[in-house]
Amino acid sequence: QVQLVESGGGLVQAGGSLRLSCAASGGTVRIYSMGWFRQPPGKEREFVVAMSWTGGNIDYADSVKGRFTISRDNAKNTVYLQMNSLKPEDTAVYFCAASRSLESLTTNQASVAYWGQGTQVTVSS
């Protein structure tokens, strides 16, 4: 059983940056595809980005391309989300996710194996 714990959320002004971290325990991150999702206020959870376990395949939502960057440090069992040029519409609870397949992260949330508890990101205008 893999546990995922996100950190790094907070309040930032538009145009600013934040880096989210997702620390995994109870398993080794390197064998999982990892991703980030977010749930804006009053809306459904949506896909942000996912990375294959090799790091060779990365898929970003169009809304964050060029602004957000996912990375992973398998030695530390940690995945990161660097968020730059933040906009008020990026305000959401951000969730880390892990799954055996990249496709389950990018196309089928219902099949994602593990979720973190979420961290709040608020971008003020």
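Structure shown above.
Residues numbered from 1 in each chain as written. Predicted model: local features only at pLDDT ≥ 70, side-chain atom pairs only at ≥ 80, totals over all residues. Heavy atoms only, no water.

Digging into the environment of threonine 91
Filter applied, for reference: Where helices and strands are cited, they refer to DSSP runs of H or I of at least four residues and of E of at least two residues respectively, numbered from the N terminus. When checking whether two residues touch, look at their non-hydrogen atoms; a contact exists if any pair is within 4.5 Å. For the purposes of these results, a polar contact is taken to be a pair of N or O atoms within 3.5 Å, where, inside protein, one atom must be able to donate a hydrogen and its partner to accept one; residues adjacent in sequence count only when each atom of the pair is a side-chain atom.
Along the chain, threonine 91 turns up in the loop between β8 (78–83) and β9 (92–99). For the pair formed by threonine 91 and arginine 45, sequence separation is 46 residues and the distance between their alpha carbons is 12 Å. Contacts of threonine 91, omitting those with residues within four sequence positions, involve Pro40, Pro41, Gln120, Val121, Thr122 and Val123. Of note is the side chain of threonine 91, whose polar atom sits 2.9 Å from the backbone oxygen of proline 88. Of note is the side chain of threonine 91, whose polar atom sits 2.9 Å from the backbone nitrogen of valine 123.

Some details on the sheet that holds strand β3 (residues 18–25)
Counted only if it meets this: Note on pairing: DSSP must find at least two bridges between two strands before they are called paired. As a rule, the C-alpha atoms of each element are fitted with a line to give its axis, helices using only the stretch in contact, and angles between N-to-C directions run from 0 to 180 degrees.
Pairing in this open sheet of 4 strands is antiparallel, and the strands run β1-β3-β8-β7 from one edge to the other. Each edge of the open sheet carries a strand with a single partner, namely β1 (3–7) and β7 (68–73). Pairs of neighbouring strands in the sheet enclose a mean axial angle of 15°, with direction left out of account. Strand direction decides the pairing type here: β7 and β8, joined by 6 bridges, are antiparallel. Paired with aspartate 73 across the two strands is threonine 78, which belongs to β8.

Observations concerning the nonpolar core
Short version of the rule: In plain words, nonpolar cores are sets of buried Ala, Val, Leu, Ile, Met, Phe, Trp, Tyr and Cys residues tied together by side-chain atoms within 4.5 Å. Burial classification: accessible surface area is computed with a 1.4 Å probe over protein chains only, and a residue below 20% of its type maximum counts as buried, one above 50% as exposed, and the rest as partly exposed.
Ranked by internal contacts, the top residues of the largest apolar core, which has 36 residues, are Leu4, Trp36, Leu81, Met83 and Tyr94. Within the residue set of this core, elements represented by two or more residues are β3, β4 (33–39), β5 (46–51), β7, β8, β9, α1 (102–107) and β11 (119–124). Filtering out sequence-adjacent residues up to four positions away, leucine 4 remains in contact with Cys22, Ala23, Ala24, Met34, Cys96, Ala97, Ala98, Tyr114, Trp115, Gly116 and Gln117.

What about the packing of aromatic side chains?
Note on aromatic pairs: each is described by the distance of the centres and the angle between the planes. Which entries qualify depends on this criterion: Only the six-membered ring of Trp is used, alongside the rings of Phe and Tyr, when aromatic pairs are assigned; centres must lie within 6.5 Å, and planes under 30 degrees apart are stacked while those over 60 apart are edge-to-face, with the rest tilted. Placement of a charge over a ring requires the Lys NZ or Arg CZ to be within 6 Å of the ring centre, with the centre-to-atom vector within 35 degrees of the ring normal.
Scanning the model with the defined rule gives 3 aromatic pairs in all. Measuring from centroid to centroid gives 5.8 Å for tyrosine 32 and tyrosine 114, while their planes differ by 80°, and the two rings are edge-to-face. Here tyrosine 32 is found in the loop between β3 and β4, whereas its partner tyrosine 114 is found in strand β10 (residues 114–115), with 82 residues between them in sequence. Each member of the pair, tyrosine 32 as well as tyrosine 114, carries the same accessibility label: buried. An aromatic cluster of three or more residues is present, and its members are Phe37, Phe47 and Trp115. One residue, arginine 45, lies across the ring of phenylalanine 95, its end atom 5.3 Å from the ring centre. In this arrangement the basic side chain of arginine 45 is found over the ring face of tryptophan 115, its NZ or CZ atom lying 3.6 Å from the centre.

None of this, on its own, says anything about what the molecule does.
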